[in-house]
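Next come the chains, spelled out residue by residue.
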Amino acid sequence: MLDIELIRRRPDQVRAALASRGEESALEPILALDARRRDAIHQGDELRARRNQVSQEIGRSRERSPELIAEMRQVGDRIKALEDEVKGVEEELSKALLTLPNLPRADVPIGLDASANIVRRTWGQPRAYDFQPKAHWDLNDALGIIDFQRGARMSGARFVVLRGQGARLQRALITWMLDVHTQEHGYIEIYPPALVKSETLVGSSNLPKFADNLYHDAEDDLWLVPTAEVNLTAMHAGEILEPGSLPIKYAAYTPCFRKEKTAAGRDTRGIKRVHQFDKVEMYAFVEPERSDEELQKIVADAEDLLQRLGLHYRVLQLCTGDMGFPSARSYDLEVWSPGCQEWLEVSSCSNCTDFQARRAGIRFRREARSRPELVHTLNGSGLALPRIMIAILETFQQSGGSVVIPDCLRPYTGFEAIKPVEQ
RNA sequence: GGAGGGGUGGCCGAGCGGACUAUGGCGCCUGUCUUGAAAACAGGUAACACCUCAGACGUGUUCAUGGGUUCGAAUCCCAUCCCCUCCGCCA
């Protein structure tokens, strides 16, 4: 959520910043609601002040005054009406404010779509093959570690079953990533619920705007999380963090659930885009002046994993129009998939500045005495599993159809290669 | 799911229609004392909104949440949520 005070004081600046990410939002209705709200609050406060004063007089005096009591009854009705007015206006105002995305940082490249993204660096080289590398679904024909048919049978399209070494590889990746983040990168491990309340999703800004991508249980009004970012934002919702408690860094593994309605028809083969996938997420709460620096650290932590795996990847800085709704600056990590012949997004790292903090009410104090200030929040995938599996399978495939497991994972998988099953 | 009990400031805990402007204690901050610290003593200790150049002054709101009764609600009534105890069920 944007600061209403900023919108009120510098509407042109806000309008321009929103336009730079392709958002043509009219601010006039918001400004009008803001004015109505303040006016109604002001009137109500004055009436309440009078009522408080008179009620005290009534309490102090011996005999009741029917005239005063009658007058106060009317004042009470007027107050009630103003309260309803404030409530209604605030509802409309917050509805409007909740649909505005974050403002990009001033030095983010301008552009309306992915074509304006900038490749900041590339690591490694594509491997050389003396055969035609296969896509992971073709490799799987011999490996038998991904069962598309049975996934569809029990759950429908875009659900898969992992089997044997495939299931073990996935579990190994999760454990390994969490171990590296907690033991070497300074994150505290969190295991959160996969079901959350509506207000939790409003805090992270998945609601109200992106409800159609979420699974929802109407009976209990609980939602399946699309990413652990949702949970980690909520960890300190409504809190005022003590001086000295920042930075706070969490890493969490969760399954992630997404309807992918908008992507219907795209990426239908393989496990690139599925309704349920696993992901380890990094998250940080920091002082505002430190957030851009912290974003570089999160990107570096994600890159560290890719380098240890030996995967060829590139770092993209997203342009204004391609960034996610809550982000003020984002970097995507894309890994090369030699079978599919494309770059796969395996991580997205963002500085959300005070945008989620304002929605979720996450503040901190610099000193014991000082006023609470909003923290800055950052998130980054570290990493998204199905696409890392794709990259590992396709990158380390051998001419005979087996896949060699990267050294760093072997203590976790307990095997050095996945071999075609005997037919 | 059933039956009871309970949710008050950073924490503990009193208050159960009008001086609550929320007692007291702990914690925290400042000061005195001290070479420094501790102890002792004194003072101060919330958030949010409106107003404002301002974190000043002022006003309002907040005693789980939302309604209601009343001139006036932490206090009375209703609903909801959460926590605890016992029973049932269960991995």
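As shown above, the structure is provided for reference.
The rules we used
- Residues numbered from 1 in each chain as written.
- Chains lettered and ligands numbered in written order.
- Predicted model: local features only at pLDDT ≥ 70, side-chain atom pairs only at ≥ 80, totals over all residues.
- Heavy atoms only, no water.
- Helix = DSSP H or I, 4+ residues; strand = E, 2+ residues; numbered from the N terminus.
- Expected span 1.5 Å × (residues − 1).
- Buried < 20%, exposed > 50% of the residue type's maximum accessible area, 1.4 Å probe, protein only.
- Pairing = 2+ DSSP bridges.
- Axes fitted to C-alpha atoms, helices over the stretch in contact; angles between N-to-C directions.
- Contact = heavy atoms within 4.5 Å.
- Near = heavy atom within 4 Å.
- Polar contact = N/O pair within 3.5 Å; in protein donor to acceptor, adjacent residues only side chain to side chain.
- Nonpolar A, V, L, I, M, F, W, Y, C, P; charged D, E, K, R; others polar.
- Salt bridge = Lys/Arg side-chain N within 4 Å of Asp/Glu carboxyl O.

Caption draft 1: Main features of helix H7 (residues 165-183). For H7, which comprises 19 residues, the first-to-last C-alpha distance of 26 Å matches the rise-based estimate of 27 Å (1.5 Å per residue) to within 8%. All buried positions along H7 are accounted for by Gly 166, Leu 169, Gln 170, Ala 172, Leu 173, Ile 174, Trp 176, Met 177, Leu 178, Asp 179, Val 180 and His 181.

Caption draft 2: Highlighting the pairing of strand S16 (residues 376-384). S16 sits mainly inside the fold: 9 of its 9 residues count as buried. Inspection of the sheet shows strand S13 (residues 342-351) paired to S16 by 3 bridges, in the antiparallel sense. Residue pairing for S16: Cys 349 is matched across the bridge by Gly 380.

Caption draft 3: Molecular detail of the sheet that holds strand S10 (residues 276-286). Reading across from one edge, S1-S11-S12-S13-S16-S10-S9-S4 is the order of the 8 strands in this open sheet, with mixed pairing throughout. Both outer strands of the open sheet, strand S1 (118-123) and strand S4 (188-190), are each paired with one neighbouring strand and no more. Direction aside, the axes of adjacent strands within the sheet are offset by 25° on average. Note that S1 and strand S11 (residues 313-317) share 5 bridges and pair antiparallel. Counted as the bridge partner of Thr 122 is Arg 314 from S11. Relative to the sheet, H7 contacts S4, strand S9 (248-257), S10 and S16, its axis offset from that of S10 by approximately 10°.

Caption draft 4: Up close: the protein's contact with RNA strand B. Around RNA strand B, the surrounding shell holds 26 residues, and the nearest of these are Ser 55, Arg 73, Lys 87, Arg 363 and Arg 369. Considering the 4 Å shell around the protein, atoms of RNA strand B inside it are sugar or phosphate in 80% of instances. Between Arg 365 and RNA strand B, the recorded distance is 3.3 Å, taken from a side-chain N or O atom to a phosphate oxygen. Among the elements that make up the surface near RNA strand B, the one with the highest residue count is helix H3 (residues 28-60) (12 residues). In terms of residue class, the surface near RNA strand B is made up of 7 nonpolar, 5 polar and 14 charged.

Caption draft 5: Just the pattern of salt bridges, in detail. Under the defined criterion, the tally for this structure stands at 32 salt bridges. Asp 304 is the salt-bridge partner of Arg 308, the closest N and O atoms lying 3.0 Å from each other. Placement of both Arg 308 and Asp 304 in helix H10 (residues 291-309) is noted, with a separation of 4 residues, approximately one turn of the helix. Residue Arg 366 is joined to Glu 373 by a salt bridge in which the shortest nitrogen-to-oxygen separation is 2.6 Å. With relative accessibility at 35%, the residue Arg 366 sits in the partly exposed group. Accessibility expressed as a relative area gives 29% for Glu 373, which makes it partly exposed. Shared partners join several salt bridges into a network, and the residues in it are Glu 260, Asp 267, Lys 272, Arg 273 and Glu 342.

These results come straight from atomic positions and should not be treated as a statement about function.
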